[in-house]
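Survey of secondary and tertiary structure
The primary structure of each chain is shown beneath.
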Amino acid sequence: MPSSNPAFSRGFPGAPNGPGAQSGNQGYAQPGPQQYGAPQPWGQQAPQQSPYQQNPYAATGQQYMTMDDVVSKTGISFLVTVLAAAAIWAVPGQAAMGLALPAVLVAFVVGLVISFKQIANPVATLAYAALMGVGVGAISEAFNAYYPGIVTQAVIGTFGVFFGMLVVYKTGAIRVTPKLTRWIVGAMFGVLALMLVNLVAALIGGGDGLGLRSGGPVAIVFSLVVIGVAAFSLLLDFDMADEAIRRGVQPKVAWYIAFGLLVTVIWLYLEILRLLSYFRE
């Protein structure tokens, strides 16, 4: 579901340009935990003040999102997904697939609503996590029945890519610039367009359409490209978390960021699972 990735939008709920913004505060940076004094317009530096001066925003008891919030909310979301996948794994194959299809369809709708309305609350994110857990669990069970051990390999590969991209981001080896963001988002839409064309070609001409999912050389190359796009999408998610922290948004926004990471990681996992199945055939 690359199209539901909230990295497409640079706004945050509760930030000056997000749904929670005050009408008179547009175009101004919301002060975070390390900022003092009145908000300054974008591109202008706040005047230097004494380090002993108390932050007026801290005096109100207002809480700001931290990286701990992002890590904890993301961890809870992934835990719910794993538990839902484990639960559906215990259901017999045909029944599991019967539950998976409606769960994925509902999850797709929920994901679109969360993304476009920028909903940041635990109910929405965890509902999406549980629904996708059902779908991912059933799909994983089906793949593992044909290719024993493939799920373990896909999980290892997914976490390897995740932590690899996290290291790349934290070390600054690849910086998330506006140009890079445009390239990644454009690549996402390109992948989605190719998938739709392949589906239409398959419906009209039969078979696998353009051969993007046939398991042959073209399918392998396409899967590698999709995995690469999903991996670079993680950079947008990491940058989104850092930017939200810099803006001093509310802690609940961590649920919105956790949703974006969940979408990307599930997409990455399913594509790695598919690629591994090609090499098993």
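See the structure printed just above.
Here's a quick rundown of the structure. Keep in mind that this is a model prediction, so the values were computed, not measured. (Residues numbered from 1 in each chain as written. Predicted model: local features only at pLDDT ≥ 70, side-chain atom pairs only at ≥ 80, totals over all residues. Heavy atoms only, no water.)

Digging into the overall build of the chain
Along the backbone of the chain there are eight helices and zero strands. Counting every position in the chain, which comprises 281 residues, the buried fraction comes to 42%. Pairs at least 24 apart in sequence give 76% of the contacts found in the chain among residues at least 6 apart. (Helix = DSSP H or I, 4+ residues; strand = E, 2+ residues; numbered from the N terminus. Buried < 20%, exposed > 50% of the residue type's maximum accessible area, 1.4 Å probe, protein only. Contact = heavy atoms within 4.5 Å.)

Re unusual backbone geometry
Leaving glycine out, the prevailing phi sign among residues is negative, and the prevailing peptide bond configuration is trans. One non-glycine residue with positive phi stands out, namely Q118, at about 50°. Judged by its relative accessible area of 12%, Q118 falls in the buried class.

Concerning helix 8 (residues 253-280)
Because an α-helix completes one turn every 3.6 residues, residues spaced three or four positions apart along the sequence face the same direction. Compared with the 40 Å implied by 1.5 Å per residue over 28 residues, the 41 Å span of helix 8 between its first and last C-alpha is a close match. Counting buried residues in helix 8 gives 23 out of 28 residues, a clear majority hidden from the surface. (Expected span 1.5 Å × (residues − 1).)

Regarding the side chain of S277
One can find S277 in helix 8. Relative accessible area serves as the criterion here: at 4%, S277 is assigned to the buried category. A polar side-chain atom of S277 sits 2.5 Å from the main-chain carbonyl oxygen of R274. Here S277 is in contact with F143, Y147 and I150, once residues within four sequence places are set aside. (Polar contact = N/O pair within 3.5 Å; in protein donor to acceptor, adjacent residues only side chain to side chain.)

Let's talk about the environment of Y278
Checked against the element boundaries, Y278 lands in helix 8. Exposure remark for Y278: the relative accessible area of 7% places this residue in the buried category. Linking Y278 and S223, residues 55 residues apart in sequence, is a C-alpha distance of 9.7 Å. If we ignore the near neighbours within four places in the chain, the residues touching Y278 are L212, R213, G215, A219, I220 and S223.

Observations regarding helix 4 (residues 122-146)
The end-to-end C-alpha distance of helix 4 is 36 Å, a good match for the 36 Å that 25 residues give at a rise of 1.5 Å each. The N-capping residue of helix 4, defined by a side-chain oxygen 3.1 Å from the backbone nitrogen of V123, is N121.

Quick look at the pattern of salt bridges
Overall, the coordinates contain two salt bridges when judged by the stated rule. Put simply, E271 and R213 hold a salt bridge, and the shortest N to O gap is 2.6 Å. Of this pair, E271 sits in helix 8 while R213 sits in the loop between helix 6 (178-205) and helix 7 (217-247), placing them 58 residues apart in sequence. Take R213: its relative accessible area is 21%, and that puts it in the partly exposed class. R247 is the partner of E243 in a salt bridge, and the nearest nitrogen-oxygen pair spans 2.5 Å. Taken together, the residues span about one helical turn, with E243 and R247 both in helix 7 at a distance of four residues. (Salt bridge = Lys/Arg side-chain N within 4 Å of Asp/Glu carboxyl O.)

What to know about the packing of helix 6 against helix 7
Geometrically, a packed helix pair is captured by the angle between its two axes and the distance between the axes. Contact geometry for helix 6 and helix 7: axes closest at 10 Å, N-to-C directions at 145°. Handedness of the crossing formed by helix 6 with helix 7: left-handed. Along the contact surface, helix 6 presents T181, I184, V185, A187, M188, V191, L194 and M195, while helix 7 presents F222, V226, V229, F232, S233 and L236. Across the contact of helix 6 with helix 7, the residue classes tally to twelve nonpolar, two polar and no charged. (Axes fitted to C-alpha atoms, helices over the stretch in contact; angles between N-to-C directions. Left-handed = near helix turned anticlockwise from the far one by under 90°. Nonpolar A, V, L, I, M, F, W, Y, C, P; charged D, E, K, R; others polar.)

Re the nonpolar core
In this structure, M65, Y128, L234, F238 and I257 are the most contacted members of the largest nonpolar core, which totals 57 residues. Secondary-structure elements contributing two or more residues to this core are helix 3 (93-117), helix 4, helix 5 (150-171), helix 6, helix 7 and helix 8. With 17 residues, the single largest contributor to this core is helix 8. Ranked by size, the runner-up nonpolar core spans seven residues in total, among them A84, I88, A96 and A103. (Core = buried A, V, L, I, M, F, W, Y, C linked by side-chain atoms within 4.5 Å.)

Quick word on the packing of aromatic side chains
The description of an aromatic ring pair uses the distance of the two centres, along with the angle that the planes make with each other. Applying the stated criterion to the full structure yields six aromatic pairs. When the centroid spacing of 5.1 Å and the interplanar angle of 80° are considered together, the rings of Y128 and F259 count as edge-to-face. On the criterion of sequence distance, the pair formed by Y128 in helix 4 and F259 in helix 8 is long-range, its members being 131 residues apart. A single burial state applies to Y128 and to F259, both of which are buried. Taking 6.3 Å as the distance between ring centres and 25° as the angle between the ring planes, the aromatic pair formed by F159 and F163 counts as stacked. You can see F159 and its partner F163 sitting in helix 5, four residues apart, about one turn around the helix. Here a set of aromatic residues connected by ring pairs shows up, and it is made of F159, F162, F163, Y169 and F238. (Phe/Tyr/Trp six-rings, centres within 6.5 Å; stacked < 30°, edge-to-face > 60°.)

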